[in-house]
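Chain by chain, the residues:
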Amino acid sequence: GGEEDRQVCEAAFDKFPDSHFQVSLIAHALHRGLPDLAEQKVRVLLENCSDNVLLWTLADVLLHYQRSDEAKLIYKRLAARPAENPLGLVHSALSEHRLGNSARAADMFEAGIKEYPQAAELVDHYILVCSKLGQMERVLRILASDAKTEEQACEVLFEKFPDPQF
């Protein structure tokens, strides 16, 4: 029953302090209908955790269980974080995108691409965001800046990114 579920869950939270495991347990608690326990553990994680990837995963879990207000708070926190590397930038910019600020996300990716020209993951996400915004010409301008025509720009892109998923 519910009380037994709670005890098992609480014991697991205590036994496995690893943050990644805690996120899985939060998902389990929400799934088992123990939102108050989940909320308590979310608070603890937010106070102690600075790992972008983990916070992103936690926000996804919350979103999955229709807790979008809590997820949005995490996205806001990630969006406000200065990015120390390409992955940090991906999470900050995608958080803006999830909050509905896609134009801001595109600007962040653009700045990131200038700062980390080798980071393919920035380019992938930048293209997706620009495509959602209907601003593919922006992609051509940034990634194929020396091309004179759109056709030339496309050729430059194909050369730069031979990966078929692009």
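In the block above lies the structure referred to throughout.
Below you will find a few notes about this structure.

Rules and cut-offs
Residues numbered from 1 in each chain as written. Predicted model: local features only at pLDDT ≥ 70, side-chain atom pairs only at ≥ 80, totals over all residues. Heavy atoms only, no water. Helix = DSSP H or I, 4+ residues; strand = E, 2+ residues; numbered from the N terminus. Buried < 20%, exposed > 50% of the residue type's maximum accessible area, 1.4 Å probe, protein only. Contact = heavy atoms within 4.5 Å. Areas by Shrake-Rupley, 256 points an atom, 1.4 Å probe, with all protein chains shown as cover. Core = buried A, V, L, I, M, F, W, Y, C linked by side-chain atoms within 4.5 Å.

1. As for the overall build of the chain
Moving on, step 1. Looking only at helices and strands, one finds 10 helices and zero strands in the chain.
Moving on, step 2. Reading the secondary structure of the chain in the N-to-C direction produces α-α-α-α-α-α-α-α-α-α.
Moving on, step 3. Every one of the 166 residues in the chain was classed for burial, and the buried ones make up 42%.
Moving on, step 4. In the chain, the proportion of contacts linking residues at least 24 apart, taken out of those at least 6 apart, comes to 46%.
Moving on, step 5. Just so you have it, the chain exposes about 9700 Å², and 52% of that area is on carbon and sulfur atoms.

2. Topic: the nonpolar core
The nonpolar side chains of soluble globular proteins are, as a tendency, buried together.
Moving on, step 1. By size, the foremost hydrophobic cluster in this structure holds 46 residues, and its most contacted members are Ile26, Leu58, Phe109, Leu122 and Tyr126.
Moving on, step 2. Residue contributions to this core peak at seven residues, all from helix H4 (residues 52-64).
Moving on, step 3. Among all residues touching Leu122, those that are not within four sequence positions of it are Pro86, Leu89, Val90, Phe109, Gly112, Ile113 and Tyr116.

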